[in-house]
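# Geometric and topological summary
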Amino acid sequence: MSSSAKLSYYLGWGLILIYFISNLIFVHDPRPATGILALAGCIFLVIHGVARYGWKGTGLFVILAYTVSTFLEDLSIHTGFPFGNYHYDLSSAPFAVPFIDQVPVVVGPIYIAVGYLSWTIGSIIMNHADRHLDKKRNIFLLPMVSAFIMVQFDLVQDPSTSTYQGLWVWENGGGFVGVPLVNFLGWYFTCYLFMQIFTLVLAKNQQMIKTSGLVDKKFYWMQPIVLYLTIAFSYVTQYIYHIDNETEIQDLAGNTWTVANLYEISVTVMVFTMLYSAVLAIVNLYKDANGDLKT
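What follows deals with the side chain of Thr 199. Checked against the element boundaries, Thr 199 lands in helix H5 (residues 181-204). Leaving out residues up to four positions away in the same chain, Thr 199 has contacts with Trp 119, Leu 133, Asn 138, Ile 139 and Pro 143.

Structure follows, in structure tokens:
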């Protein structure tokens, strides 16, 4: 393994370990761990993305994810489109968080970090579809699949982060533990949009896509899957911590939930969404040319 490959190897696993430890340290109040995810996830994207798309391609993904997500989040807060009527409330946050108009600056980096992980897992599941954009169907199917994987994260986080912690507040409540369906449709639209634009640019500039070097290493593809799983399993530790918490939480529609119930919902959804997608990616990663699992 070359020195650059070794550096990428250790930095990648190191960032994953830092985020994992932060989840254990802040299990009682995971808001600082979210900030660490935003920072570590973006650093991970740079290390991983540059090896795959170069600086231009990686920079383009960052700009698209940040610009599209922040613009549409702010638009929705003012107009209700595309996420519905909500607002952020970080008054109880353990540290001051600056805003871009009505959107906390940390929101964009979360879209960047988790968006890249979702994009990569979608690509693996589709047999590295980003390398095969000469097939027209991949240009549209890859962002469609990857956006679904991104929304799985939101389905898992909202019961605890929104309904319990109240970091963002749905002004009319909603049917999914206080969160409306339109939120998840908005998430899908937002993620699909920046991923689709990125795919169209890649399709016209396929020289940006690297097919040798680090991308030949198995660990290179395992790292984003493991980081995605680390995010998923952070809700298991939070559920264990709150398993006896019978404090009642009421959303703005008047529905009442216990804290333990909210975390149980998060873990249940995680098992059959985020975990499922990660397992599919791992299975596909270890298939041989004939589609059989390597033993």
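After that view of the structure, there is still more to cover.
A few words on the layout of surface pockets. Quantified by volume, the largest pocket comes out at close to 630 Å³. For the lining of the largest pocket, the class distribution of residues is 25 nonpolar, 10 polar and four charged. Here the second largest pocket is characterised by a volume of approximately 170 Å³. As for the second largest pocket, its lining consists of Ile 124, Asn 127, His 128, Arg 131, Val 215, Asp 216, Lys 217, Lys 218, Trp 221, Asn 284, Leu 285 and Lys 287. Mapped by element, the contributors of at least two residues to the lining of the second largest pocket are helix H6 (218-241) and helix H8 (274-285). For the lining of the second largest pocket, the residue count by class is four nonpolar, three polar and five charged.

For any pair of aromatic rings, the description rests on two quantities: the centre-to-centre distance and the angle between the ring planes. Per the stated rule, a full pass over the model turns up 20 aromatic pairs. Centroid distance Phe 148 to Tyr 188: 4.5 Å. Interplanar angle 50°. Geometry classified as tilted. Of this pair, Phe 148 sits in helix H4 (residues 136-164) while Tyr 188 sits in helix H5, and the two are 40 residues apart along the sequence. The interplanar angle of 75° and the centroid separation of 5.9 Å between the aromatic rings of Tyr 164 and Tyr 263 together place this pair among those described as edge-to-face. Placement of Tyr 164 in helix H4 and of Tyr 263 in helix H7 (residues 259-271) is noted, with a sequence separation of 99 residues between them. A connected cluster of aromatic rings, assembled from ring pairs, spans Tyr 53, Phe 61, Tyr 116, Trp 119, Phe 194 and Phe 198. Directly above the aromatic system of Tyr 286 lies the positively charged group of Lys 218, at a separation of 5.1 Å from the ring centroid.

Right, let's talk about the packing of H6 against H8 for a bit. Contact geometry for H6 and H8: axes closest at 10 Å, N-to-C directions at 165°. When the interaxial angle is binned, H6 and H8 end up roughly antiparallel. The crossing of H6 and H8 is left-handed. Contacts between H6 and H8 pair Lys 218, Trp 221, Met 222, Ile 225, Tyr 228, Leu 229, Ile 231, Ala 232 and Phe 233 from the former with Met 274, Leu 275, Ala 278, Ala 281, Ile 282 and Leu 285 from the latter. A class-by-class count of the residues in the contact of H6 with H8 yields 14 nonpolar, no polar and one charged.

Because each turn of an α-helix spans 3.6 residues, side chains separated by three or four positions end up pointing in the same direction. In this model, helix H3 (residues 107-125) (19 residues) spans 27 Å end to end at C-alpha, consistent with the 27 Å of a helix rising 1.5 Å per residue. In terms of burial, H3 is largely enclosed, as 18 of its 19 residues are buried. At the exit of H3 stands Asn 127, carrying a positive phi of roughly 60°.

Phe 194 and Ile 225 are the most contacted members of the largest nonpolar core, which has 79 residues in total. Ranked by the residues each element gives to this core, the list is headed by helix H2 (residues 31-79), at 13 residues. Leaving out residues up to four positions away in the same chain, Ile 225 has contacts with Ile 121, Ile 124, Ala 278, Ala 281, Ile 282 and Leu 285.

What follows is about the pattern of salt bridges. Taken as a whole and judged by the stated rule, the model has two salt bridges. Across the salt bridge formed by Arg 52 and Asp 130, the nearest N and O atoms sit 3.0 Å from each other. Here the residue Arg 52 occupies a position in helix H2, and Asp 130 occupies one in the loop between H3 and H4, the gap between them amounting to 78 residues. Judged by relative accessible area, Arg 52 falls into the buried class, the value being 1%. For Asp 130, a relative accessible area of 1% corresponds to the buried category.

Each value, and the rule that gives it
In every chain, residue numbers begin from 1 and rise along the written sequence. Note on the predicted model: pLDDT of at least 70 is required for a residue's local features to be given, and 80 or more for side-chain atom pairs to be given and counted; whole-chain, interface and lining totals, by contrast, use all residues. Heavy atoms throughout the structure, all of them, feed into the side-chain values; hydrogens and water do not. Where helices and strands are cited, they refer to DSSP runs of H or I of at least four residues and of E of at least two residues respectively, numbered from the N terminus. Contacts were defined at the residue level, with two residues in contact if any of their heavy atoms lie within 4.5 Å. Grid spacing is 1 Å over the protein atoms alone, the probe is 1.4 Å, and a cavity is where that probe fits but cannot get out, while a pocket is an open set with protein on both sides within 12 Å along at least five of seven lines and lining residues have an atom within 4 Å of a point. Grid points are joined across faces, edges and corners, and a volume is the space filled by probe spheres set on the points. Residues are grouped as follows: nonpolar covers Ala, Val, Leu, Ile, Met, Phe, Trp, Tyr, Cys and Pro; charged covers Asp, Glu, Lys and Arg; every other residue, Gly included, is treated as polar. Paired rings are identified among Phe, Tyr and Trp, the last through its six-membered ring, by centres lying within 6.5 Å, and are further divided according to the angle between planes into stacked (under 30 degrees), edge-to-face (over 60) and tilted (the rest). Criterion for a charge above a ring: Arg CZ or Lys NZ at most 6 Å from the ring centre, at most 35 degrees from the ring normal. Between N-to-C directions, angles cover 0 to 180 degrees, with each direction set by a line fitted to C-alpha atoms, over the stretch in contact for helices. Throughout this description, any angle smaller than 35 degrees is read as roughly parallel, any larger than 145 degrees as roughly antiparallel, any in the 65 to 115 degree range as roughly perpendicular, and the remainder as oblique. For a crossing to be left-handed, the near helix must be turned anticlockwise from the far one by less than a right angle; the clockwise case is right-handed. A helix's residues, less one, multiplied by 1.5 Å, set its expected span. Here the term buried applies to any residue with accessible area under 20% of the maximum for its type, exposed to any over 50%, and partly exposed to those in between, with areas from a 1.4 Å probe on protein chains only. Among buried residues, those of type Ala, Val, Leu, Ile, Met, Phe, Trp, Tyr and Cys that are joined through side-chain atoms within 4.5 Å constitute a nonpolar core. Each salt bridge in this description consists of a side-chain nitrogen of Lys or Arg and a carboxyl oxygen of Asp or Glu lying within 4 Å of one another.

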